Amino acid sequence: MKILVPVKRVVDANVRVRIGSAGSVDTAGLKMSLNPFDECAVEQALRLREAGVASSVTVLTCGLPVCQDVLRTALAMGADNAVLIDTANATPDSLGIARLLHAFMTADADAYGLVLCGKQAIDDDIGGVAAMLAGLLSWPQALNASAIEAAGLGWLVTCGDDAGTATWRLAGPAVLSADLRLAEPRRVTLPSIVKAKQKPLRTLDAATFNVALGTQMRIVEMAEPAVRQPGIKVADTAALLDAIGSKRLFQNVGA
Amino acid sequence: MSHYDFIVIGAGVIGASVAHHLAALGAKSVLVVDRGTIGAGTTSQSSGLLRTHYSVRQNVELARSSWHAFNNFPAYVEDDEASCGLVKCGYMICAPEGDKLAPLQASLDAQQSMGIEVQLLSKAEARERLPIAQFDDAALIGYEPEAGFADAYLVATGFARSARRRGVKFMENTTVTGLVRDGRRVTGIETSAGTFSCGALISTQNIWTPELAGWIGVPLPVKPERHTVLALECEAAPYTFSMPAFKDLGSPGMLYFRSYGGSQMLVSEGVVGETLNAPETEQGDISLDYVGEVGAQVAERFTAYEMAGLASSWTGVYDVTPDWNPVLGPVGNIEGLTVGFGFSGHGFKLSPGIGKILAQHALGQATDVSLSPYALDRFASGALLVGKYGSGAVS
């Protein structure tokens, strides 16, 4: 069984992004990384391969050639091969990416038994691709996974949701998305960086898939978060309780 | 409009040190303004190495007085609870046969002639101190026991706390937008929080110094340069706190090393970095190829690190001058202005000494170390302070 891990190149989690003069987030020269959730998905896929559940791990990203660097990172972690779908001037939204992935899986010589995504990308935080791809494939899905276990011909997946966790049994090929708790990513080692250069990395032209890549999303406005106002000092405990009460600070608790 | 006798722009480790020393030397009314928060700019990105090994003699003097401050930090700032995070592990430097050998010999001789304890180690002695490295190619190995590394952020906040205790006011998240002038004299600053007048202004603006150049109409030669730092982990050969910080003059990148957290290795290149178009401390991109290149250099010296893992990586920014040494003192014929900029990657280790002499200069007192070699006009006169190792932060 082969695993496909779709990944995204994002601005590093330690970078504080700012809105540039063009009204969008300017990432030129900033530290870019493999999306942390995708890193967990790669790690989980590698563990499944090492446990003998899977035979190979393919990482894939959709974007410009510059995105190859995160594929190299995933290859250095241990993925077997990588695919870049070059989207050129297109800026597909989540549905466009899901359609590309679907078209790729349909056309590719390899048959994948599991798609393991990160649950969301830390740049736009949408988290739409996994569910949309499952819909297009008509495969079962389990999102925000914190534990994955092979069970017969399917999967036993523990997922977080607003109420707590739920464990789902999925039959056959499936689309899963990884929470950060799923698997702590391994470190890239110096020998693996060298080895990664020898591993196969295919580049495919998005146009060959004949998929509509126009985005349905429109950014209305982008703004920096409001500057946090300084706190106030109160004289004593009674004044503190008064202040908390009068500002109704806890009115949402229990709601 | 509020008035202060002294205003310092920039609350990095240099500005905080200036503020501490101004107050400790008797200044009664001092304001420090910073665009961000104390020590959060380039200071927080420092690797924190402390050594007196320099090829420029004035730097040795400043480094020696600064080492005294780091080594006695609570007493120096008169606060028993103060800590600079010092790890006194010593500093080892080695050169193979070749162009770095003579400068190393000369620098070690100069240190010794100034009364600084420097030992010349055999390869076996070097290996005893740093057993995870090999010294097959080493032609000369120097070791100074009174050295190590400390935490630049702790030092900046330590100086700031001391300054506050002595009455200095700090305004964070306040951007200076211009100067107030009266002819040739600087008489105040305009900021996002209003205008403040002053008797004397001290600029310690680091990579933001070009803003000052614009306000006073005098070119100040400093560029922001980004450098990459890696933390490597090798279970077979942990880099412990008892092992000295190490400079490898034989490696193409003139790498420096130290323990990171007591088991990992912090390593970075000591050569020219990536010049930025604008002052910016945000994290820069680090390619896997670069990690591989530096890693290959590391493994030449630390053979077990051939298998090392990359634990983390980050970038820091230097304020670099044409000769990789700072500019200290007045600017042209402008009165009431003292500048300190262009520390070129070695400001932290000099920060106590530099804070003191800038404060002394602003107070009109004699300075412990002469400012004249660091004068701005050296770039016009040609009396540069280029170190014997060429461009780079060893100086």
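Residues numbered from 1 in each chain as written. Chains lettered and ligands numbered in written order. Predicted model: local features only at pLDDT ≥ 70, side-chain atom pairs only at ≥ 80, totals over all residues. Heavy atoms only, no water.

### A look at unusual backbone geometry
Threshold: Elements are defined by DSSP. Helices are runs of H or I of four residues or more, strands are runs of E of two residues or more, and each kind is numbered from the N terminus.
Even without being glycine, N210(A) reaches a positive phi, approximately 55 degrees. Within the fold, N210(A) resides in the loop between β11 (201-205) and α6 (237-246).

### Quick look at the pairing of strand β11 (residues 194-203) of chain B
All names here are of chain B. Cut-off, in case you're wondering: The rule is simple: take the accessible area with a 1.4 Å probe, protein chains only, and divide by the maximum for that residue type; under 20% is buried, over 50% is exposed, in between is partly exposed. Whether two strands pair depends on DSSP finding at least two bridges between them.
With seven of ten residues buried, β11 lies mostly within the body of the structure. Relative to β11, strand β10 (residues 185-191) is paired through four bridges, and the arrangement is antiparallel. Note that in β11 the partner of T191 across the bridge is G194. Counted along the chain from β10 to the antiparallel partner β11, the turn is two residues long. Direction of pairing for β11 relative to strand β19 (residues 337-341): parallel, over a ladder of three bridges.

### Re the packing of aromatic side chains
In plain terms, the rule: Any two of the Phe, Tyr and Trp rings considered here, Trp counted by its six-membered ring, make a pair once their centres fall within 6.5 Å; the pair's planes then place it as stacked at under 30 degrees, edge-to-face at over 60, or tilted in between. Two conditions define a charge located above a ring, namely a distance within 6 Å from the ring centre to NZ of Lys or CZ of Arg, and an angle within 35 degrees of the ring normal.
Per the stated rule, a full pass over the model turns up 14 aromatic pairs over all chains. Taking the ring centre of Y54(B) as reference, the NZ or CZ of R51(B) above it sits at 4.5 Å.

### Describing the confidence of the model for chain B
Formally: pLDDT is a residue-level measure of predictor confidence that goes from 0 to 100.
When the pLDDT values of chain B are averaged, the result is 96; 100% of them are 70 or greater. Taken over the whole predicted complex, pTM reads 0.92, whereas the ipTM for its chain interfaces reads 0.86.

### Remarks on the side chain of S29(B)
All names here are of chain B. Short version of the rule: Any pair of N or O atoms that falls within 3.5 Å is considered a polar contact. Within protein, one atom must be able to donate a hydrogen and the other to accept it, and sequence-neighbouring residues count only if both atoms are side-chain atoms. The contact rule is simple, with two residues in contact once any of their heavy atoms fall within 4.5 Å.
Structurally, the position occupied by S29 is in the loop between α1 (13-24) and β2 (30-33). Here D5 takes part through its backbone nitrogen, which lies 2.8 Å from a polar atom of the side chain of S29. The residues touching S29, leaving out its near neighbours within four places in the chain, are H3, Y4, D5 and F6.

### Describing the environment of D5(B)
Residues and elements named next belong to chain B. Tracing the backbone shows D5 in strand β1 (residues 2-9). A sequence separation of 381 residues divides D5 from V386, and the C-alpha atoms of the two residues are 35 Å apart. Beyond its immediate stretch of four places on either side in the chain, D5 contacts S29, C198, G199 and A200.

### Side note on the pairing of strand β14 (residues 256-260) of chain B
All names here are of chain B. By the criterion of burial, β14 is predominantly enclosed, with four of the five residues buried. In terms of strand pairing, strand β13 (residues 245-248) meets β14 through two bridges, oriented antiparallel. Its bridge partner being in β14, F246 is matched across the sheet by F257. Taken together, β14 and the strand that follows it, strand β15 (residues 264-268), pair antiparallel across an intervening segment of three residues, in which G261 is found at a positive phi of about 75 degrees.

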